[in-house]
Amino acid sequence: MADFNLLLQLEDVNVISDAVRTWFRHNHAAPTEQSMQLLCSSAVDLFNEGHKTREELVTLLIMKFDSSHSLQVNASTSTSHH
């Protein structure tokens, strides 16, 4: 039984990672560490909400992040001066 559960988990990870790779291809964007973290986190959240197929995840990621520009975080850093 443990092998079956591990296989299922690996299949889930493959669905999520394929959806993220498809988002990058769709948007003609190069992955960065920040964009990968954001997209992977969002894809896992969507998966945990019940969106279990690659098609669902890709569609929702594209709707949520319509371009690579939508992944940019404008948070100030510790070295910023106000």
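Small disclaimer: the values here were computed from a predicted structure and weren't measured.

A. Region of interest: the pattern of salt bridges. In total, this model carries three salt bridges according to the counting rule given. Salt-bridge contacts for aspartate 18 lead to arginine 21; the nearest nitrogen and oxygen are separated by 3.6 Å. A residue pair is termed a helical-turn pair when its members lie 3 or 4 positions apart in one helix, as aspartate 18 and arginine 21 do in helix 1 (residues 2–26) at three residues. Measuring nitrogen to oxygen at the nearest pair gives 3.3 Å for the salt bridge that ties arginine 54 to aspartate 18. Placement of arginine 54 in helix 3 (residues 54–64) and of aspartate 18 in helix 1 is noted, with a sequence separation of 36 residues between them. By relative accessible area, arginine 54 is classed as partly exposed at 29%.

B. Quick peek at unusual backbone geometry. Backbone geometry places histidine 28, a non-glycine residue, at a positive phi of 50°. Mapped onto the secondary structure, histidine 28 falls in the loop between helix 1 and helix 2 (33–48).

The rules we used
- Residues numbered from 1 in each chain as written.
- Predicted model: local features only at pLDDT ≥ 70, side-chain atom pairs only at ≥ 80, totals over all residues.
- Heavy atoms only, no water.
- Salt bridge = Lys/Arg side-chain N within 4 Å of Asp/Glu carboxyl O.
- Helix = DSSP H or I, 4+ residues; strand = E, 2+ residues; numbered from the N terminus.
- Buried < 20%, exposed > 50% of the residue type's maximum accessible area, 1.4 Å probe, protein only.

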